[in-house]
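# Commentary on secondary and tertiary structure
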Amino acid sequence: MGLTPVFSQNESLKDFTQTIEGSKLEIEMVAIPSGRFNMGSPASEEHRNSDEGPVHEVSLNSFWISKYEITWELYNLFVNRAIDGNNDPNIATDVNIDIDAISGATIPYVDMSLGMGTSEGLPVGNVTQYAASQFCKWLSAKTGHFYRLPTEAEWEYCARAGTSTAYHFGDDPNDLNDYAWSYGNSEDTYHQVGQKKPNPWGLYDMYGNVAEWTLDQYVPNIYKSRKGTTVSPFEIANKTYPRSVRGGSYNDDPEYLRSAVRLGSNENWKMRDPQFPKSKWWNTDAPFVGFRIVRDPNVPKESKINNYWGQ
Amino acid sequence: MKSSKNKTDVNPNTSRRGFCKNTALVGAGMLLPGLEMSAMVNVLNNKKLKLAVVGCGGRGTGAANQALKADENIELVAMADAFQDQLDNSLMNLQKEFEGTKKVNVKDAHKYVGLDAYKKAIDMADVVILATTPGFRPYHFEYAINAGKHVFMEKPVAVDAPGIRKVLEMAKVAKEKKLNVVVGLQRHYQNNYLAIADKIKEGSVGKIVSGQVYWNSAGVWVRPRKEGQTELEYQMRNWYYFNWLCGDHILEQHIHNIDVANWFIGEYPISAQGMGGRQIRTGKDHGEIFDHHFVEFTYPSGAVIASQCRHQPDTWSKVGENFQGTKGSIEMNDAGAASIVGLDGEKMFDYRNRNDPNPYQVEHDRLFASIRNNEVISDAENGAKSTMTAIMGRMATYSGKVITWEDALASTKLLMPSEITWESTPPSVPGPDGLYPIPTPGVTDVLS
């Protein structure tokens, strides 16, 4: 792999649309400026959990994040691998990976939408964090850009979008209906992405619909160890459980959709996988967890890049 | 799909949350008595139970894993599979999982490989797991019950009517011998289904008059032919695509949803008619099964159930069950949704599946608790009749005729040979073009 940074942090990023050679599907990517924000929630926040504090300052470089959660249609491009041979003559060179060297997700025995559907615009669910990361790696190989999951800090920075209240629209969960699918309005299922209002940075469904994988190992008390301003925090995952999930889902009550809420994955999310050993690609009991993707203009050194894609 | 009337504006903070907390308690309570009882009786009945697994694929290994976790005093002593590599992998994975315990104790001499390996493994055990491809099941079940063993067997329990008759006969013998038989139709052990079954019993939905049951998905794995394989080995490895081994996907997967219809209506259908075929999955790698079936099942009470199953990528997918009753409608899906909407469109009941136990584990917890309690679980008759329902559906789509339960069950058509060795010619062989004969509606005779 030849990996070289192609943007300096001073250059401001612009929104763009990622095309995928061999497919008519596109991914809209929103440019997120570098900046600082207060991560976590104050002790006074209603329903606040101890893992949300203390509030501490975090500084981040700029990056792009997908405007919407990744859909089944997009994810299935990776599962089916039918377009691997369609090569874009204008492929970028931020990363250069042999697409055939990326292992493919298995075809699952059951419908992994568990009856909630995989039609146009429906968010993918039941993928493991590993599988979501391999989708990013595959997309990187297809496009030549460095795609990965957001870190927990990047996710919260995007969810807050410059705000410091429990939700980006304030503290009153009654307003959530305008922005999110949660248990109260979802009728027990996820919905097409982008049906509700976006947040101040133009991102849809940051709260609810499907909860979203981040890159980090879930470490409940990690905020306590952060002093001063923490630069680009990322807890590299070294064990399968728990990994950090953000944003809450269609199946959660409003208090779980706050910007600061953190959730660790657990083994029960594969509870009903009847096979043994269980699939590393699919959860069978977490249709409420999907993901969105980040494009990072700063490509890490080759020796570090698998921290972002998993081994 | 949800009706628009169904989309009520519910304040997320009030009624529904309070309501759900109540239903969650109901769910938790439902399984408690069984577990408490097993803990109590374990003190009294401390015999070490010996377990054998027959069929060491992913599911057989998964079932063994769950069985070993269901009881403290249990030991896996024997394994059987047609293929050495499959058995070895399975044992390795189980040894890893139970490292540091004495639960996996399979000596080299008790690893039985081959087509009649099941007998020796069953002989060694108190409890056996039957998880080979479905075609073999009636023969394995017959042997296990005659040998006096408790059984966990996977669904479907047969692929043809002679097989069903054998299972029904042995189900009676099992009852007489007070042997426990649990069938892997795990919805019977899943709290959201049990909650709805209770509601039906209470009369909340009235009489069920119609329903739709679905297993529409993208399909399953294909295992390509490998050099040096005999035709028999190829078919055994790629068993999903051959009727004598699998029974078609209307049995192998859709049986779950068809069984829920039988369970909730409380009857087995008197006839079936439908259509089906192969449209997407038509290659040499795809054996002889259809990729879609649509069947109407008519029940003695007059209820008609529309059953659809499809294995076609990029089409509408749904796995679940809907039923319409004289007082309300039931809607369920695999993600755990289970609700009842009244005739006025108002939601009467909604089950929220938080922290429910794993039904695959519950199957085994209940099996072993029942053994310890000297109780008898008898799933085999329903397992056989629900399998028969799916077979009748397949007979309807393959033939294009109306098939009655009576004719279907009396059918002498034997898909699975009673004797099979590595030298046997499989019941279905490819033509010179590499393609297998495919059932043709209007032409194919399914009954004899």
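Residues numbered from 1 in each chain as written. Chains lettered and ligands numbered in written order. Predicted model: local features only at pLDDT ≥ 70, side-chain atom pairs only at ≥ 80, totals over all residues. Heavy atoms only, no water.

## Notes on the interface of chain A and chain B
Opposite the 30 residues of chain A that make contact, chain B presents 48 residues. Of the roughly 3,400 Å² buried at the junction of chain A and chain B (both faces included), carbon and sulfur atoms supply 46%. Seen at the junction of chain A and chain B, the total is 13 residue pairs in polar contact (both at pLDDT 80 or more). Looking at the side of chain A that touches chain B residue by residue, the class counts come to 14 nonpolar, nine polar and seven charged. (Contact = heavy atoms within 4.5 Å. Buried area = accessible area lost by both parts, 1.4 Å probe. Polar contact = N/O pair within 3.5 Å; in protein donor to acceptor, adjacent residues only side chain to side chain. Nonpolar A, V, L, I, M, F, W, Y, C, P; charged D, E, K, R; others polar.)

## Some points on the nonpolar core
One finds Tyr75(A), Phe291(A) and Phe264(B) to be the most contacted residues of the largest nonpolar core, which totals 159 residues. Considering each element in turn, this core owes the most residues, nine residues, to helix 12 (residues 380-399) of chain B. Beyond its immediate chain neighbours, meaning those up to four positions away, Tyr75(A) contacts Ile70(A), Ala105(A), Val124(A), Val127(A), Ala131(A), Phe135(A), Trp282(A) and Phe291(A). Ranked by size, the runner-up nonpolar core spans 30 residues in total, among them Val53(B), Ala67(B), Leu76(B) and Tyr189(B). (Core = buried A, V, L, I, M, F, W, Y, C linked by side-chain atoms within 4.5 Å. Buried < 20%, exposed > 50% of the residue type's maximum accessible area, 1.4 Å probe, protein only. Helix = DSSP H or I, 4+ residues; strand = E, 2+ residues; numbered from the N terminus.)

## Side note on the UniProt feature "domain: Gfo/Idh/MocA-like oxidoreductase N-terminal" (unreviewed entry) in chain B
If you check UniProt for "domain: Gfo/Idh/MocA-like oxidoreductase N-terminal" (unreviewed entry), the listed places come out as residues 50-182 of chain B in our numbering. Secondary structure across residues 50-182 of chain B divides into 45% helix and 20% strand, with the first and last C-alpha atoms of the span separated by 17 Å. (UniProt positions renumbered as here; feature names shortened; annotations may be inferred.)

## Some words on the UniProt feature "domain: GFO/IDH/MocA-like oxidoreductase" (unreviewed entry) in chain B
Taking the UniProt record as the reference, the feature "domain: GFO/IDH/MocA-like oxidoreductase" (unreviewed entry) is found at residues 193-330 of chain B. Counted over residues 193-330 of chain B, helix gives 22% and strand 31%. Its end C-alpha atoms are 11 Å apart.

## Quick word on the UniProt feature "domain: Sulfatase-modifying factor enzyme-like" (unreviewed entry) in chain A
Those residues carrying the UniProt feature "domain: Sulfatase-modifying factor enzyme-like" (unreviewed entry) are residues 28-270 of chain A in this numbering. Between the end C-alpha atoms of residues 28-270 of chain A there is a gap of 31 Å, over a span that is 15% helix and 16% strand.

## Digging into helix 2 (residues 129-143) of chain A
All names here are of chain A. With 15 residues, helix 2 should cover 21 Å at 1.5 Å per step; its first-to-last C-alpha distance of 21 Å lies within 8% of that length. The buried count for helix 2 comes to 15 of 15 residues, which makes it a mostly enclosed element. One or two residues past the end of helix 2 sits Gly-144, with phi positive at roughly 80°. (Expected span 1.5 Å × (residues − 1).)

## A closer look at the sheet that holds strand 4 (residues 56-60) of chain A
All names here are of chain A. Pairing within the open sheet is mixed, and its three strands lie in the order 3-4-8. Two strands in the sheet have a free side with no partner beyond their single neighbour: strand 3 (35-39) and strand 8 (229-231). Neighbour-to-neighbour, the strand axes of this sheet turn through a mean angle of 30°, independent of strand direction. As judged from the three bridges shared by strand 4 and strand 8, these two strands associate in the parallel manner. Bridge pairing links Val-58 to Thr-230 in strand 8. Of the strands in this sheet, strand 3 and strand 4 are in contact with helix 3 (residues 152-160), which crosses strand 3 at around 95°. (Pairing = 2+ DSSP bridges. Axes fitted to C-alpha atoms, helices over the stretch in contact; angles between N-to-C directions.)

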